[in-house]
Amino acid sequence: MTTATTNTDTQYHVFLSFGGDTRYNFTSHLCGAIKRHHVKAYVDFNLRRGSDISSALISAIRGAPVAVVVLSEHTASSKWCLDEIVEIMDCRRTRNQIVVPIFYHVDPSHVRHQTGSYGVAFEEHMLNKEFIDKVPLWKEALKEMSNLSGWHCMPNMNEYELVENIAEDVGMIVQSNCLNVDRAREEFERQKVMLRELYKKNKITPDQTLHVWEIAKIANLAKDIGKASKLSEEIKKVIEEAFEEEKIKH
């Protein structure tokens, strides 16, 4: 699966992950449809080089609030595809990343249980000593992803309509995420003022500190949208200022 651009400073809404067998057909159409919905997608149609996914690619995965993954017949044959999926599922657990799987001409049960073309691919991976330790991680990540709500594209479906529907769905997810960030920032600003006052009165509790910190984390999840990139640093500064004041008092 490939997704990369040369400018890693650009803010992206979506990380689009896909295999080489859909690069110039389904995925290229999907990418165009997503962009028409004014959604910035991190995507690269170049062929993969090197043995491992790059640090820039990992940063792109971790930075995007939404990941769209096209699972096709040959996805399991690519270690790069599988490594991306492992990273994406980790981001779903640790960063609340929204993951939208698309089962393109592949049965979700084959992905879940690694049968069909996925079973054949894993048999080949097991013959390579370099991949022995990674195989369990790949299998578990595929199993988790196959259990997520997504889209199933069958060969006899109208692909144009499907692509448009998926793009519209992704656009709504991104828009909803933006609204959540705005609300989180407003609440954070209110709580930040309250936190400073409580510190001044020496009445702050660990629970209150944690509450405001969690609000900052929620807002900071979508820093790629450009709405709340410095919230965690701001709340950290508030807490550090209070601790310094306490040290001076003592």
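Residues numbered from 1 in each chain as written. Predicted model: local features only at pLDDT ≥ 70, side-chain atom pairs only at ≥ 80, totals over all residues. Heavy atoms only, no water.

Within an unreviewed UniProt entry, the label attached to the protein reads TIR domain-containing protein, and the organism entered is Stylosanthes scabra.

A.B. asks: Describe the overall build of the protein, naming the residues involved and giving the relevant values.
C.D. replies: Scanning the protein from N- to C-terminus turns up 9 helices and 5 strands. By residue count, 44% of the 250 residues in the protein fall in the buried class. Sequence-distant contacts in the protein: of pairs separated by 6 or more residues, those separated by 24 or more amount to 77%. Total accessible area on the protein is roughly 13,400 Å²; 52% of this is exposed by carbon and sulfur atoms. (Helix = DSSP H or I, 4+ residues; strand = E, 2+ residues; numbered from the N terminus. Buried < 20%, exposed > 50% of the residue type's maximum accessible area, 1.4 Å probe, protein only. Contact = heavy atoms within 4.5 Å. Areas by Shrake-Rupley, 256 points an atom, 1.4 Å probe, with all protein chains shown as cover.)

A.B. asks: Would you mind going over the confidence of the model for the protein in detail, with residue names and values included?
C.D. replies: Of all residues in the protein, 64% attain a pLDDT of 70 or more, and the chain-wide mean is 79. In the predicted structure, residues 1–10 sits below a pLDDT of 50 and forms 43 contacts with residues beyond four places in sequence or in another chain. Per-residue pLDDT stays below 50 along residues 221–231; that stretch engages in 32 contacts with residues further than four places along the chain or on separate chains. (pLDDT = per-residue confidence, 0-100.)

A.B. asks: Before we move on, can you summarise helix α5 (residues 117–126) with the specific residues and values?
C.D. replies: Every buried residue of α5 is listed here: Tyr118, Gly119, Ala121, Phe122 and His125. All buried residues of α5 project into a common sector of 160° when viewed along the axis, lining one side. Projecting away from the buried face of α5 at angles above 90 degrees are the exposed residues Glu123 and Glu124. If you follow the buried residues of α5, they end up packed against β3 (66–71), α3 (79–95), α4 (108–113) and α6 (135–146). (Arc of directions from axis to C-beta.)

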